[in-house]
Amino acid sequence: MKKTKIISVIAKKNILIITILIIMLSVFEFAIVYSSTDKKIEQQTEIINESIARDVEYKLLNLSRLSTQVFFNNEFQEASLHLNEIDNFYSYEIIYKHFANIILFDSLVLDIAYFPLTEDDNIVFEQGIYQQNSLYLLKNNFASFENLLKNDDSRKGTLFYNKLYSEDGIPLRYVALSRVVLKSYGENIYQPIGLGILIINSDQLFETVNLTKVAGVSTGIISPDMNIIYQGNLSSFVNFEKIDIKNLRTKLQIIGYFDWYIISVFTRAAVLKNIKTIYISYAFTNLLIIIITSIIFFLISYSNSKEYYRFITTFNHIGKGNFNTKMEYTQDKDINKVIQYFNNMMDSINKLNKDILRSKMKSLELIIENKSYLIKYLNSEINKHFLFNTFSLIRALVNLGEKEKVVDCIDSLCDVLRYSLVPGDTATIKQELRALKSYINIQNHRRPNINVSLKYDSRLNNIKIPKFILQPLIENSYKHSFSDNRGNIYLDIIQNEEKIIFTVSDDGVGASQEKIEEINNALINNHEQISNVDSGIALINIQRRIKAIASEKSNILVSSNNGKGFVTKMIIISEKIDV
């Protein structure tokens with residue numbers, strides 16, 4: 001009898017201790033999960049927003065280039081100037097064919113329209129040219145295009161974004177990218193001659209917004225003044241044209257081209273609904289474990305000490321994190337029912353743990369996928385003008401009868417292209433320098449009075465670095481440093497412990513301190529808001545590549561010696577490749 005009482009007292013004390021521990025663990029776990037859930041959702045949303053921003057900005061940049069290709073083409077502009085002549089059939093035919101080729105080239109463009117301007121900048125609606133009978137889309141929106149001509153930026157040929165509406169004022173699924181077409185009549189003298197319009201399917205342009213989602217979060221695109229550019233699935237929060245975010249929790253990601261924002265809107269209740277349910281269920285499971293544990297201990301304490309200690313051993317395993325532990329059945333049918341219920345509870349806990357682990361793995365896969373997308377995107381940004389300029393040079397040499405130089409240029413170009421086809425994102429310094437020398441050889445035929453000197457230790461030959469990072473640095477000096485195409489470019493490569501330092505300098509015209517600070521700030525802040533698009537964005541793209549492929553600690557800095565000579569220093573600190 002005394003022994004039974006002692007066991008009962010011990011059981012009660014253990015039950016009390018275990019109950020307190022489980023309650024504390026449940027409260028602590030729920031508090032941590034509750035406080036960290038918002039941050040996790042925001043991190044997921046930020047990753048997705050960055051992916052959407054890159055996709056939309058990449059499409060807008062390509063459309064801007066395409067618009068320039070369409071409306072600033074010399075043949076097109078010459079034909080457009082003759083549209084008001086009586087015998088203008090040939091001009092119309094040239095423009096129609098030009099538009100048809102562009103539409104065939106880019107699937108985003110549904111139609112292209114062009115309207116000439118009078119001398120007082122009025123649109124000549126009757127002489128408009130369009131491919132796919134888009135007049136019904138443009139007719140109801142002509143007032144917005146006429147207002148565009150009153151904007152001072154239109155005189156600069158700036159690309160504008162216009163929503164298109166039906167006769168009833170309902171937003172259509174089509175949008176217009178329009179710009180005033182300028183004709184050059186000499187240095188810095190431009191005359192507006194027409195209005196060019198690309199008609200785009202907004203669902204295709206912003207398709208990433210609808211493809212990528214986070215539970216409980218609605219995503220769309222807005223302008224800086226909070227006007228909705230693309231609704232996406234924001235309709236669950238807003239049903240009006242202008243969004244008010246004062247009482248909503250949001251996550252913003254800027255799209256640099258039009259200064260738009262990717263906006264993700266969510267409320268705490270919507271975000272936490274699914275995740276909170278999981279952890280509340282887990283808390284209730286802990287509560288049930290307390291109840292089942294109490295019953296088990298009381299049953300054991302009134303049966304025999306052997307069963308009591310067997311239960312203690314089982315819970316010790318669980319306390320050490322072994323949630324796969326199952327209780328063995330006894331000879332007592334009533335106790336076996338309790339054990340069966342307990343084992344079912346343990347199965348539920350294991351299932352919940354697997355669900356949580358699966359969710360974390362999906363988040364990690366999304367991060368890896370976006371990292372891979374970033375590397376591929378930046379690799380695609382290698383200067384395509386190099387090929388164009390090289391073929392132009394070869395054509396000029398052929399016309400001059402310089403056969404040996406033509407062969408030399410073609411051989412060098414083949415070396416560069418062969419290097420670009422080598423699989424992988426990295427190469428050795430020796431391979432990179434070989435391709436660079438071929439590039440310099442091509443440039444020597446264009447600018448024979450610019451000398452390039454290379455200084456480095458041959459022991460660095462087999463060190464791996466990201467591909468195509470030196471050519472753009474040398475190209476910057478060729479393009480921007482020598483007004484009379486005379487001078488010297490120097491490339492130094494040194495190794496300092498885990499750092500590989502590449503220094504490209506020249507004795508050209510240099511840059512102002514203001515421009516140096518602007519480029520360095522853009523490099524430090526990893527953004528492209530700089531006035532010198534060619535050199536600045538090229539440096540930013542190289543920096544993004546070395547950070548993505550080598551290490552986030554890698555960076556680029558520029559300097560100029562009192563406006564004389566330009567220096568670019570690139571430091572690669574590798575954590576992912578063999579340097």
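Quick note: structure is the one above.
All values reported here derive from a predicted model rather than from experimental measurement.

**Examining the sheet that holds strand β16 (residues 564-573)**
- A sheet is described by the order of its strands in space; here five strands give the open sequence β11-β13-β14-β16-β15, paired in mixed fashion. Each edge of the open sheet is held by one strand with a lone partner, namely β11 (450-456) and β15 (555-561). Averaged over neighbouring strand pairs, the angle between their axes works out to 15° when direction is ignored.
- As defined by bridge partners, β15 adjoins β16 across seven bridges and the pair is classed as antiparallel.

**A few points about the packing of aromatic side chains**
- All told, the structure shown has twelve aromatic pairs when counted by the stated rule.
- Here Y161 and W260 contribute two aromatic rings whose centre-to-centre distance is 4.7 Å and whose plane-to-plane angle is 80°, an arrangement assigned as edge-to-face. Residue Y161 is located in strand β3 (residues 160-165), and its partner W260 is located in strand β9 (residues 260-266); the two are separated by 99 residues in the primary sequence. Across the pair, W260 and Y161 agree in class, each one buried.
- For the pair F206 and Y230, a centre-to-centre distance of 4.9 Å together with 35° between the ring planes defines the contact as tilted. Residue F206 is located in the loop between α6 (202-205) and α7 (207-211), and its partner Y230 is located in strand β7 (residues 228-230); the two are separated by 24 residues in the primary sequence.
- Residue classification places F206 among the buried residues on the basis of a relative accessible area of 0%.
- Note on Y230: relative accessible area 9%, which makes it buried.
- An aromatic cluster of at least three residues, connected via ring pairs, comprises F71, F76, F99 and Y114.
- Stacked on the ring of Y419, the Lys or Arg K467 has its end atom at 5.5 Å from the ring centre.

**Looking at helix α3 (residues 89-105)**
- Between its first and last C-alpha, α3 extends 25 Å over 17 residues, near the 24 Å set by a 1.5 Å rise per residue.
- Taken together, the buried positions of α3 are occupied by S91, Y92, I94, I95, H98, F99, I102 and I103. The buried side chains of α3 occupy one side of the element, clustering within an arc of 165° when seen end-on. α3 presents F89, Y90, K97, N101 and L104 as exposed residues on the side facing more than 90 degrees away from its buried surface.

**Here we look at the sheet that holds strand β5 (residues 190-201)**
- Judged by pairing direction, the sheet is antiparallel, and its five strands sit side by side in the order β2-β1-β5-β4-β3 without closing on themselves. Edge positions in the sheet fall to β2 (129-130) and β3, since each of these pairs with one other strand and no more.
- Pairing of strand β1 (residues 109-116) with β5, which is carried by seven bridges, proceeds in the antiparallel orientation. From the neighbouring strand, Y114 faces β5, where its bridge partner is G196.

**Overview of the side chain of S481**
- Along the chain, the position of S481 falls in the loop between α14 (471-480) and β13 (487-496).
- The residues contacting S481, other than those within four sequence positions of it, are N476, D506, G508, V509 and F566.

**As for the pairing of β1**
- Burial runs high along β1: seven of the eight residues are buried.
- Where β1 meets β2, two bridges bridge the pair, whose relative direction is antiparallel. Within β2, the position partnered with A113 by the bridge is Y130.

**Quick look at helix α13 (residues 429-446)**
- In a regular helix each residue adds 1.5 Å, so 18 residues correspond to 26 Å; α13 covers 26 Å between its end C-alpha atoms and thus fits that length.
- Where α13 is concerned, the buried positions are I429, E432, L433, A435, L436, S438, Y439, I440, I442 and Q443.

**Regarding the packing of helix α12 (residues 403-420) against α13**
- Contact geometry of α12 with α13 gives a least axis separation of 9 Å together with a crossing angle of 150°. In terms of orientation, α12 lies roughly antiparallel with respect to α13. Our pair here, α12 against α13, has a crossing hand that is left-handed. For the pair α12 and α13, the contacting residues are K405, D408, C409, S412, L413, D415, V416 and Y419 in the first and Q431, E432, A435, S438, Y439, N441, I442 and H445 in the second.
- A per-class count over the contact of α12 with α13 returns seven nonpolar, five polar and four charged.

Reading the values: the criteria
Note that residues are indexed from 1 along each chain, following the sequence as it is written. pLDDT decides what is reported in this predicted model: residues at 70 or higher carry local features, side-chain atom pairs at 80 or more are listed and counted, and totals for whole chains, interfaces and linings draw on all residues regardless. Values shown for side chains rest on all heavy atoms present in the structure; no hydrogens or waters enter the calculation. We treat two strands as partners when DSSP finds at least two bridges between them. Secondary structure counts use DSSP, requiring at least four H or I residues in a row for a helix and at least two E residues in a row for a strand, with both numbered from the N terminus. Note on method: axes are straight lines fitted to C-alpha atoms, helices fitted across the in-contact stretch only, with angles between N-to-C directions ranging 0 to 180 degrees. When the centres of two rings from Phe, Tyr and Trp lie within 6.5 Å, Trp using its six-membered ring, the rings pair. Their planes under 30 degrees apart give stacked, over 60 give edge-to-face, and anything left gives tilted. Think of it in three bands: residues with accessible area under 20% of the maximum for their type are buried, residues over 50% are exposed, and the middle band is partly exposed, with areas taken using a 1.4 Å probe on protein chains only. Placement of a positive charge over a ring is assigned whenever Lys NZ or Arg CZ falls within 6 Å of the ring centre and within 35 degrees of the normal to the ring plane. One fewer than the residue count of a helix, multiplied by 1.5 Å, yields its expected span. Arc definition: directions from the helix axis to the C-beta atoms. Only heavy atoms matter for contacts: two residues are in contact if any of them lie within 4.5 Å across the pair. In what follows, roughly perpendicular refers to angles from 65 to 115 degrees, roughly parallel to angles under 35, roughly antiparallel to angles over 145, and oblique to any angle outside these ranges. Helix crossings get a hand from a simple test, with the near helix turned counterclockwise from the far one by less than a right angle marking a left-handed crossing and a clockwise turn marking a right-handed one. For this scheme, ten residues count as nonpolar: Ala, Val, Leu, Ile, Met, Phe, Trp, Tyr, Cys and Pro. Four count as charged, namely Asp, Glu, Lys and Arg, and the remainder, Gly too, count as polar.

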